[in-house]
Amino acid sequence: MKKRLIIIFAIVLSMGSISCEKTYLDTVPTESVDAGSAYATTKNAAAAINGIYRSLIYRYLDSQGHSGHPAMMIILDHMGEDMILGTTAASWHVGETRWTSHRTDVGTMARFPYQLYYRTIGNANIGIANIDKAVGTQAERDQVKGEALALRGWAYFNLVQLYGKRYDANAKPNSQLGVPLVLTPTTEGLPRATVEDVYTQINKDLTEAATLLKSTRSFKSHINLEVVKGFLARVALTQQRWADAAKFAAEARSTGSSIMTAAQYQEGFADITNPEWMWGFDHLEDQSEFFGGYHSYISCNYNSTVIRTYPKVINNQLYDKIPATDVRSKMWVKTPTAANSIVPTGGVRPAYLNQKFRLPGTPSTSAMGDVPYMRVAEMYLIEAEAKARLGNSAEAAKVLFDLISKRDTGYKLSTATGTALIDEILFHRRVEMWGEGVRFTDLKRLNQPLNRNGTNQIASVAVLFDVPAGDKQWEFMIPLREIQSNPAIVQNPL
C-alpha cells in the first residue's frame, strides 16, 4: 500500500454542508485560512491544489453512496442501460437507476454534482486569482495555474452535460441554458450562461492550461499536458468537432502511457501504476472513505453489504456480443459458480456478474483501490469515432485495430464503413468503458434514447425502461437551495 503526506488547506476542502442562506457558488468557508495565505508561496499553492484533488473523492453529500467524483462515475453508468443492479435486494443508487433522484429539485442528484463541481470551480477560481502573486519560480506558478484552469474546465464540462441540454453542432450558437459561469472568487448568484458560452469557456480554460503544463509530473493523480489534451478530446467529441477530437486524442495518448497487456487487464482495475492509466485517484493507505469508496460499490470482492447482496452485472445483450477470444469477456461471468467467479464470503452470484473491478484479497477487507479517471483506451476510441465520422474509414479502422487487437486475439482489421463502422466503435466503447462513468453522457451527446428493453434489468428495481432522445428528463434539476438563494437563476422544466 502507498503512503504519502498530503497537506489539505481548509480553503479547498470543507466537508460540512452549506447553509440555505448561501449558494453553491460559495468559495471560502468561514473556518478556512484566507486565500492570500494559501497562495502566498508556490509551495503553499501546490498544497492547496492537492486539496482540490483530494476533495474530488472525499466529498460526501447526505450519504456514503455519494462520495465525490467516483460516485458520479458509478451513478452515470447506472443511469444508462449497461450497468445493472444484480438482485432485488438493491438499496443504494436505485433512485438514480429509475431516473427519479435527479428530476426533483430536492433530490440528492440535483444537489450532489452541483455542489461537487461548483466547489471545485470555486476553489480553482481562488487559485487562478491569486497564483500570479505567489512567491516562487514562474514555472511553479505556471504549474499551479495550469492545473487550476484544467480543473475548472473539467468541472464545467461535467456540469453543462448534466444540467444543460446536449450540444448540437447543427444549431450554433447553442442558446439553450447551461449553468452559471463563475470565473472569479465570489458568492454572488449569477444567471445561467448559454450552453454555447459554457463550452467556449471550457475550451478557453483547457487551451490556456495546455500552454502552461508539461508532460512531466510528480504523481499520476495530478493533471499534466496529456490529460488536458484528453479533456480537449472529450469536449471536441461532445461538440461534434471531429477533426479536433481526433487530433487531441492522438496527442493525448502519444506520450507517457501505453495500452495494457491482456494480463494487466485482468488485475482488477484498482492500481494507478497501470501503464494505460493517464489520470486517476491514488488511494493512500491512511486516507479511507470506508464504505463510501468507489470500490465499496463497484468491486466484485469487497466485503460490503452492497457487494454481497446486489453486485453489479452487465447488460446481457452487450455481453453476449463479446467474443470468447476477447480478454474483456473475462471481466464478467455469464453463469457464475464458486469455481469461476470471485465474491466476498456469503456473496450472491447473479448471471453476468462483474469481475472487472477487483481488490486484493478474497474477500477484500479494504476498499482502498485506485480509481481510473482517464485511460489511453478512451483516447483510441475517441480518435477512431471522430475519424469514422469524418469519413476516414480506413484510418478509423486502423486506430480501432491498434486497440482491440490487444484485447482480442481473434480480432481482424475492420472492413466496415460509415454507420456500420461507427456502430462497431461504439460497441467497443460500451464494453471498454463499463463502470467508468460515460454511458449516460454518451447517450445524451449521441442524441440516442435510453432503451433497456429485452435486457436483464430487473423490472421492479429499474422501473424505467424507455426515455426518448431529447426528452427533458435528460436534464438534471437545479437544486432548490440554489433557486431559493440565487434570484438570477431559473429552473429546468419539470
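Cut-offs and rules
For every chain, the first residue of its written sequence is number 1, and the numbers climb from 1 along that sequence. Whole-chain, interface and lining totals are the exception, using all residues; otherwise, since this is a predicted model, local features are given only for residues with pLDDT of at least 70 and side-chain atom pairs are given and counted only at 80 or more. Excluding hydrogens and water, the side-chain figures rest on all heavy atoms present in the structure. Only the stretch in contact is used when fitting a helix axis, every axis being a line fitted to C-alpha atoms; angles between N-to-C directions are given from 0 to 180 degrees. We count a stretch as a helix when DSSP gives it H or I for four or more residues in a row; a strand needs E for two or more, and each element gets its number in order from the N terminus. By definition in this entry, angles of less than 35 degrees are roughly parallel, angles greater than 145 are roughly antiparallel, angles of 65 to 115 are roughly perpendicular, and the rest are oblique. Crossing handedness is read from the near helix: turned anticlockwise from the far helix by less than a right angle, it gives a left-handed crossing, and turned clockwise, a right-handed one. Contacts are residue-level and defined by heavy atoms, with any inter-residue pair within 4.5 Å sufficient. Here the term charged refers only to Asp, Glu, Lys and Arg, the term nonpolar to Ala, Val, Leu, Ile, Met, Phe, Trp, Tyr, Cys and Pro, and the term polar to all other amino acids, Gly among them. The working definition used for a salt bridge is a side-chain nitrogen of Lys or Arg within 4 Å of a carboxyl oxygen of Asp or Glu. A 1.4 Å probe rolled over the protein chains alone gives each residue an accessible area, and that area as a share of the maximum for its type sets the label: buried under 20%, exposed over 50%, partly exposed in between. Stacked, tilted and edge-to-face are the three classes assigned to paired rings of Phe, Tyr and Trp, where Trp is represented by its six-membered ring and a pair needs centres within 6.5 Å; plane angles under 30 degrees give stacked, over 60 edge-to-face, the rest tilted. Two thresholds decide whether a charge sits over a ring: the Lys NZ or Arg CZ must be within 6 Å of the ring centre and within 35 degrees of the ring normal. Whenever a nitrogen or oxygen atom comes within 3.5 Å of another N or O atom, the pair is scored as a polar contact, on the condition that within protein one atom can donate a hydrogen and the other can accept it, and that pairs from neighbouring residues in sequence are kept only if both atoms are in side chains. Criterion used throughout: strands pair if DSSP finds at least two bridges between them. For every residue, the predictor assigns a confidence score, pLDDT, that lies between 0 and 100. Expected span of a helix, by definition, is 1.5 Å for each gap between consecutive residues, and there is one gap fewer than residues. Each residue is assigned a bend, namely the angle between axes fitted to the seven residues that terminate at it and the seven residues that start at it.

Turning our eyes to something else, we now look at the packing of helix α7 (residues 195-212) against helix α8 (residues 225-238). The contact between α7 and α8 brings their axes to 9 Å, and the two run at 155°. Relative to α8, the element α7 is oriented roughly antiparallel. The element α7 and its partner α8 pack so that their crossing is left-handed. On the side of α7, the interface is formed by Tyr199, Ile202, Asn203, Leu206, Thr207, Ala209 and Ala210, while α8 contributes Leu225, Val228, Phe231, Leu232, Val235 and Thr238. Classifying every residue of the contact of α7 with α8 gives 10 nonpolar, three polar and no charged.

Our focus in this paragraph is the pattern of salt bridges. Applying the stated rule across the entire model yields 28 salt bridges. With a shortest N-O distance of 2.8 Å, Glu436 and Lys356 are connected by a salt bridge. One end of the pair, Glu436, is in the loop between α16 (418-432) and α17 (439-445); the other, Lys356, is in the loop between β9 (353-354) and β10 (371-375), with 80 residues separating them in the sequence. By relative accessible area, Glu436 is classed as buried at 8%. With relative accessibility at 1%, the residue Lys356 sits in the buried group. Between Glu436 and Arg375 there is a salt bridge, with its nearest N and O atoms 2.8 Å apart. Of this pair, Glu436 sits in the loop between α16 and α17 while Arg375 sits in strand β10, and the two are 61 residues apart along the sequence. Of the residues examined, Arg375 reaches a relative accessible area of 0% and is grouped as buried. Via salt bridges that share partners, Glu276, Asp326, Arg328, Lys356, Arg375, Arg407, Glu432 and Glu436 belong to a single interconnected network.

Following the criterion strictly, the structure yields 23 aromatic pairs and no others. Taken together, a centroid distance of 4.8 Å and an interplanar angle of 85° make the contact between Trp99 and Trp474 edge-to-face. Here Trp99, found in the loop between α4 (94-97) and α5 (108-130), pairs with Trp474, found in the loop between β12 (466-467) and α19 (480-485); they are 375 residues apart in sequence, far enough to count as distant. For the pair Trp99 and Trp474, one class covers both residues: buried. An aromatic cluster is built from Trp99, Tyr114, Tyr118, Tyr156, Tyr163, Phe440, Trp474 and Phe476, whose rings are joined through pairwise contacts. Seen from the ring of Tyr380, Arg253 lies directly overhead, with NZ or CZ sitting 3.9 Å from the centre.

Another aspect to go through is the packing of α8 against helix α9 (residues 242-252). Interhelical geometry of α8 versus α9 gives an angle of 155° and a closest axis separation of 8 Å. Accordingly, the angle class assigned to the pair α8 and α9 is roughly antiparallel. Here α8 and α9 pass one another in a crossing that is left-handed. Here α8 contributes Glu226, Lys229, Gly230, Leu232, Ala233, Ala236 and Leu237 to the contact with α9, which in turn contributes Trp242, Asp244, Ala245, Phe248, Ala249, Glu251 and Ala252. Taken together, the residues of the contact of α8 with α9 sort by class into nine nonpolar, one polar and four charged.

Moving on, we come to the environment of Thr41. Note on placement: Thr41 falls in the loop between α1 (35-38) and α2 (42-55). Once the C-alpha coordinates of Thr41 and Val135 are considered, the two residues, 94 residues apart in sequence, prove to be 4.4 Å apart. Look past the residues within four positions of Thr41 in its chain and what remains in contact with it is Ala134 and Val135. Engagement of the side chain of Thr41 in a polar contact is seen with the backbone nitrogen of Asn44, the distance being 3.0 Å.

Bringing the environment of Val106 into the picture now. Topologically, Val106 is positioned in the loop between α4 and α5. The spacing of Val106 and Arg481 is 375 residues in sequence and 8.1 Å in space, taken between C-alpha atoms. Contacts of Val106, omitting those with residues within four sequence positions, involve Arg111 and Leu480.

Most of strand β6 (residues 277-281) sits out of view: five of its five residues are buried. Sheet analysis places β6 next to β10, joined by four bridges and oriented antiparallel. Bridging from a neighbouring strand, Phe281 pairs with Val371 of β10.

Overall, the predicted model of the protein reaches an average pLDDT of 91, with 90% of residues at or above 70. Confidence drops under pLDDT 50 across residues 1-32; counting only partners more than four residues distant or on other chains, this segment forms 95 contacts.

This brings us to α8. Between its first and last C-alpha atoms α8 spans 20 Å; for 14 residues at 1.5 Å apiece the expected length is 20 Å, and the two agree. The N-capping residue of α8, defined by a side-chain oxygen 3.3 Å from the backbone nitrogen of Glu226, is Asn224. Taken from the residues just after α8, Gln240 is the one with a positive phi, measuring 60°.

Attention now goes to helix α15 (residues 393-407). In this model α15 runs 21 Å from its N-terminal to its C-terminal C-alpha over 15 residues, within 8% of the 21 Å that 1.5 Å per residue would give. Along α15, the largest kink reaches about 30° and is centred on Phe401. Taken together, the buried positions of α15 are occupied by Ser393, Ala396, Ala397, Val399, Leu400, Leu403, Ile404 and Arg407. Each element contacted by the buried residues of α15 is listed here: α10 (262-265), β10, α14 (376-389) and α16.

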